[in-house]
Amino acid sequence: MFFTYLRRELRRRLRQAIFIALGLAVGIGLVITVTAASDGVKNGQAAVLHSLYGVGTDVTVTQPPAAGASRATTFGFRQQIQAFRRGQIATGTKININNLVNTQYGTLGADSVGKVAGLRSVHSTAGGLSLNDVTVTGTVPSVKAGSGSIASNFTTNSFALEGVDVSNTSLGALSAAKMTAGGGFTSSEAKADDAVIDSNYAQQNKLKVGDTVAVGGTSFKVIGIARVPQGGSPPDVYIPLAPAQSIGKSSGASLASKVNTIYVSVASATDIPAVQTEIAKALPKATITDQDNLASQVSGSLASASSLANNLGKWLSVAVLIAAFLLASLLTMAAVARRVREFGTLKALGWPTWRIIRQVMGESITIGIIGGAAGVALGYAGAELIDKLAPKLSATVGSSSPAPAAGGGALKSLLSNVPHTVSVTLTAPVTIDVIVLAVLLALAGGLIAGIFGGWRAARLRPAAALAKVE
Amino acid sequence: MYKLSGVVKNYKKGRGTVHALQGVDLVIEDAEWLAIQGPTGHGKSTLLQILGGLDRPSAGTVELDGVNLSRMRESRLTRVRARSIGFIFQTFNLIPTLNAAENVEVALVPLRVSGAARKARAEQALRSVGLGDRLRHLPSELSGGQQQRVAIARALVKEPSVLLADEPTGNLDEGTRDEIIDLLEDLWVGRGLTMVLVTHDSTVAGRAQRHGQMNDGRLTVVPVTGQARQPGSRPALG
């Protein structure tokens with residue numbers, strides 16, 4: 001009887017039922033489409049950020065260079081330049097100096113990685129050394145010692161290098177890389193003079209697997225060529241951390257046991273703020289950067305799309321959903337008001353109030369489910385439309401963006417030096433979570449309308465309801 | 001058996017208070033047919049609602065088979081209505097989306113009768129009121145008399161001990177009125193029902209055993225012919 005009565009009643013007020021269901025469908029469809037678009041934008045952002053930041057990394061820890069540290073212009077050659085100026089290097093001497101230097105960041109002590117690894121909610125850590133390999137070649141000119149410019153007689157070549165913790169390559173600079181030739185590092189290569197080189201650098205320098213590359217005066221065998229997705233500004237050469245520490249210098253000092261970047265993976269995304277606070281306590285001078293800091297530096301149409309999806313889209317769908325819920329509730333209450341005599345009769349026949357409420361709620365929830373199903377279809381159509389029509393979005397990361405108020409560090413430096421524009425194809429993936437959300441919203445819409453309608457039906461006194469008949 | 005003692009019903013209307021019933025004392029024996037007449041707004045329907053447990057008196061007691069309905073919890077009162085009291089209304093009050101058989105089934109729903117048994121009993125009840133060929137018809141496809149027959153079948157399908165009818169022939173033409181009253185009388189006789197019928201129609205009231213007159217919320221009860229009529233002794237309709 002419940003279903004027969006429900007079906008007949010919905011058929012009787014078919015237009016109203018369709019109207020309510022459509023209202024809910026539009027609201028739910030919008031929520032699905034906007035959520036899918038928002039997810040698509042997030043995926044796009046993640047793709048951009050991962051190329052810069054490393055897949056799996058939640059937080060990076062760096063430290064600003066100490067005052068008076070080696071300047072980028074000298075690249076650690078201060079001693080040689082002074083010797084030349086003092087006339088200790090003879091005119092005509094051929095110079096070929098290759099140094100691996102830390103120019104951008106302060107160094108973090110040997111125990112820093114362990115300190116961070118020991119913090120609560122930290123899942124894993126990996127230390128890294130972001131360095132520059134600089135080679136100066138030329139012949140000492142015939143000029144008076146202590147005067148004149150010598151720069152024009154020398155050629156300087158440099159490339160960016162990353163010392164990688166080979167025991168945990170799932171974090172850090174190589175985590176987002178895909179090997180296009182050869183292989184990556186294994187933990188047995190912790191001290192090996194092996195190198196992985198970036199595919200663009202390999203192409204520019206015509207390098208292939210098996211060739212050698214000079215790093216700080218030591219030859220490293222190329223064992224693999226890697227491509228970092230979506231562009232970004234990846235290092236040119238990756239070598240194991242131990243040789244990087246051994247060869248590298250920072251203001252003339254050894255980098256033995258030192259790192260200048262710590263990549264941190266946190267157990268849960270919700271723990272990131274707490275982990276940042278704990279790191280700040282453990283390493284007071286450190287600069288701590290998470291993906292949000294980095295994301296705030298992303299501009300371009302991807303950022304606009306993100307803003308559109310997160311602000312306008314979200315509020316628009318919430319507003320439409322609230323309007324749909326209100327409409328459903330009001331129309332259900334109006335329908336109950338028109339059925340006062342009917343419900344009064346049922347009460348006179350001995351129907352308990354709960355049975356009448358169940359009938360009203362059953363009708364509302366059925367409309368909600370129909371609206372939800374239509375909403376899912378609408379949402380899918382909306383997401384499909386975005387997939388079909390959405391143009392490629394661009395994300396610009398770098399000097400055009402304002403630096404974040406806090407954080408930045410290695411990445412800030414990386415970003416502010418070289419602005420990058422990365423193209424991302426916007427997709428709108430409809431996930432099972434979104435479908436579950438839609439079903440829950442549909443049920444909620446039906447329930448809310450049913451509760452209002454049921455509440456009105458429950459308040460009916462049978463005598464008063466039947467009095468309307470007279 | 002009904003026993004009403006000092007029943008008062010007041011209710012607010014705007015700023016004033018309406019005294020719908022002013023100290024009604026009444027005893028209705030089992031299997032008795034009482035007709036209540038009176039001008040509109042003098043408390044007939046209010047009395048019927050109080051008898052049916054649809055409303056509670058402001059004062060006084062309403063006993064049905066020794067149980068005080070006026071103090072009964074709503075859930076129990078609902079069960080009493082579901083099991084023991086059948087209602088018939090002037091405007092039939094059928095559910096427009098359900099067919100004749102389903103409308104009758106509705107009365108068995110609160111009694112938790114199984115679907116098949118409900119269907120069988122509903123069809124039997126409709127056949128007993130002469131609507132065996134109209135089981136699947138919607139109320140809108142039935143005449144006024146047929147709709148009232150469906151309402152009677154709905155009231156009686158649960159085999160109640162009491163039938164309360166509020167102007168059951170008020171919306172019917174004379175010929176149909178007579179058919180309905182004949183039917184009600186047959187059912188009263190056949191089932192030993194206690195029947196209370198509110199009507200404006202003296203002809204209809206004349207068929208009852210006793211006749212009550214409501215005036216300004218006060219009830220005066222007299223036998224129709226000066227002597228209580230026995231079930232089966234049917235006077236002619238005027």
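Residues numbered from 1 in each chain as written. Chains lettered and ligands numbered in written order. Predicted model: local features only at pLDDT ≥ 70, side-chain atom pairs only at ≥ 80, totals over all residues.

Let us look at the overall build of chain B. Across its full length, chain B carries 7 helices and 10 strands. Expressed as a percentage of the 238 residues in chain B, the buried residues total 48%. Sequence-distant contacts in chain B: of pairs separated by 6 or more residues, those separated by 24 or more amount to 69%. (Helix = DSSP H or I, 4+ residues; strand = E, 2+ residues; numbered from the N terminus. Buried ≥ 20, exposed ≤ 12 C-beta atoms within 10 Å, placed from the backbone. Contact = placed C-beta atoms within 7 Å.)

Along chain A, the regular secondary structure elements total 14 helices and 16 strands. Taken over 470 residues, chain A has a buried fraction of 45%.

Another point: helix 4 (residues 115-128) of chain B. Residue and element names in this part refer to chain B. Taking 1.5 Å per residue as the helical rise, helix 4 with its 14 residues ought to reach 20 Å, and the 20 Å between its terminal C-alpha atoms agrees with that figure. Next to the buried residues of helix 4 lie helix 3 (100-105) and helix 5 (144-156). Positive phi appears at Gly-130, one or two residues downstream of helix 4, with a value of about 80 degrees. (Expected span 1.5 Å × (residues − 1).)

This part is about the interface of chain A and chain B. Contact residues are listed per partner, giving 20 residues for chain A and 23 residues for chain B. Where the side of chain A that touches chain B is concerned, the elements lending two or more residues are helix 1 (2-12), helix 10 (340-348) and helix 14 (462-467) of chain A. Among the elements that take part in the side of chain A that touches chain B, helix 1 of chain A stands out by supplying 5 residues, more than any other. Residues belonging to the side of chain A that touches chain B are distributed by class as follows: 10 nonpolar, 3 polar and 7 charged. (Nonpolar A, V, L, I, M, F, W, Y, C, P; charged D, E, K, R; others polar.)

Quick look at the confidence of the model for chain A now. For chain A, the mean per-residue pLDDT works out to 79, and 76% of the residues sit at or above 70. Low confidence marks residues 399-418 of chain A, where pLDDT is under 50. Its contacts with residues over four positions away, or in another chain, come to 43 contacts. (pLDDT = per-residue confidence, 0-100.)

We now examine the nonpolar core. Formed by 115 residues in total, the largest nonpolar core has its most connected members in Ile-32 of chain A together with Leu-47, Val-104, Leu-126, Ala-153, Leu-164 and Val-196 of chain B. Here this core gets 13 residues from one element, more than from any other, and that element is helix 2 (residues 14-53) of chain A. Look past the residues within four positions of Leu-164 of chain B in its chain and what remains in contact with it is Leu-48, Leu-51, Gly-52, Ile-85, Phe-87 and Val-196 of chain B. Ranked by size, the runner-up nonpolar core spans 51 residues in total, among them Val-164, Ala-173, Tyr-238 and Leu-255 of chain A. (Core = buried A, V, L, I, M, F, W, Y, C linked by C-beta atoms within 7 Å.)

What follows deals with the pairing of strand 1 (residues 2-13) of chain B. All names here are of chain B. Inspection of the sheet shows strand 1 paired to strand 2 (residues 16-28) by 10 bridges, in the antiparallel sense. Paired with Lys-3 across the bridge in strand 2 is Val-27. Hairpin connection of strand 1 to strand 2: 2 residues between the antiparallel strands, including Gly-14 at a positive phi of 65 degrees. Summarising the sheet, strand 1 and strand 4 (residues 59-64) pair through 5 bridges and their orientation is antiparallel. Bridge pairing links Val-8 to Ala-59 in strand 4. (Pairing = 2+ DSSP bridges.)

With that out of the way, let us pick up the packing of helix 4 of chain B against helix 5 of chain B. Residues and elements named next belong to chain B. Packing of helix 4 against helix 5 leaves a shortest axis separation of 9 Å and a crossing angle of 130 degrees. Relative to helix 5, the element helix 4 is oriented oblique. Pair helix 4 / helix 5 crosses with right-handed handedness. Packed against helix 4, whose contacting residues are Ala-125, Leu-126 and Ser-128, the element helix 5 presents Val-150, Ala-153 and Leu-156 at the interface. Tallied by class, the residues present in the contact of helix 4 with helix 5 amount to 5 nonpolar, 1 polar and no charged. (Axes fitted to C-alpha atoms, helices over the stretch in contact; angles between N-to-C directions. Parallel < 35°, antiparallel > 145°, perpendicular 65-115°, else oblique. Left-handed = near helix turned anticlockwise from the far one by under 90°.)

Residue and element names in this part refer to chain A. Running from N to C, helix 11 (residues 353-389) and helix 13 (residues 432-458) point in directions that differ by 150 degrees, and their axes come no closer than 7 Å. Taken together, the axis directions place helix 11 and helix 13 in an arrangement best described as roughly antiparallel. Remark: the crossing between helix 11 and helix 13 carries right-handed chirality. Tallied by class, residues from the contact of helix 11 with helix 13 come to 18 nonpolar, 12 polar and no charged.

With that out of the way, let us pick up the sheet that holds strand 4 of chain B. Read across the sheet, 4 strands follow the order 2-1-4-5 (chain B) without closing on themselves; strand pairing throughout is antiparallel. What marks the edges here is a single partner per strand, and that holds for strand 2 and strand 5 (67-68) of chain B.

Residues and elements named next belong to chain B. The buried fraction of helix 1 (residues 44-51) amounts to 8 of the 8 residues, a majority that puts the element mostly inside the structure. Every buried residue belonging to helix 1 is among Lys-44, Ser-45, Thr-46, Leu-47, Leu-48, Gln-49, Ile-50 and Leu-51, and all of these are buried. One or two residues past the end of helix 1 sits Gly-53, with phi positive at roughly 70 degrees.

Following the sequence through the fold, Ser-170 of chain A ends up in the loop between strand 4 (154-164) and strand 5 (178-182). For the pair Ser-170 of chain A and Ser-124 of chain A, spaced 46 residues apart in sequence, the C-alpha to C-alpha distance is 9.6 Å.

This part takes up the environment of Arg-191 of chain B. Relative to the helices and strands, Arg-191 of chain B resides in helix 6 (residues 174-191). Residues Arg-191 of chain B and Pro-160 of chain B, 31 residues apart in the sequence, show an inter-C-alpha distance of 9.2 Å.

Another aspect to go through is the environment of Ile-89 of chain A. All names here are of chain A. In this structure, Ile-89 sits in the loop between helix 3 (78-85) and strand 2 (94-101). Take Ile-89: there are 15 C-beta atoms within 10 Å of it, and that puts it in the partly exposed class. With 51 residues separating them along the chain, Ile-89 and Val-140 place their C-alpha atoms 7.7 Å apart.

Okay, unusual backbone geometry next. Negative phi characterises most residues that are not glycine, and trans characterises most peptide bonds. In the Ramachandran plot, Lys-206 of chain A falls in the positive-phi region, its phi being about 50 degrees despite a non-glycine side chain. Assignment of secondary structure puts Lys-206 of chain A in the loop between helix 5 (199-204) and strand 7 (212-215). Of note, the phi angle at Glu-167 of chain B is positive, near 50 degrees, even though the residue is not glycine. Position of Glu-167 of chain B relative to the elements: it lies in the loop between strand 7 (162-166) and helix 6.

Before going further, it helps to spend a moment on the confidence of the model for chain B. Residue and element names in this part refer to chain B. Mean pLDDT for chain B: 88, with 93% of residues reaching 70 or above. The secondary-structure element of chain B with the lowest mean pLDDT is strand 10 (residues 218-223), recorded at 85, while helix 3 shows the highest, at 96. Across the whole predicted complex the pTM is 0.62, and at the interface the ipTM reaches 0.90.

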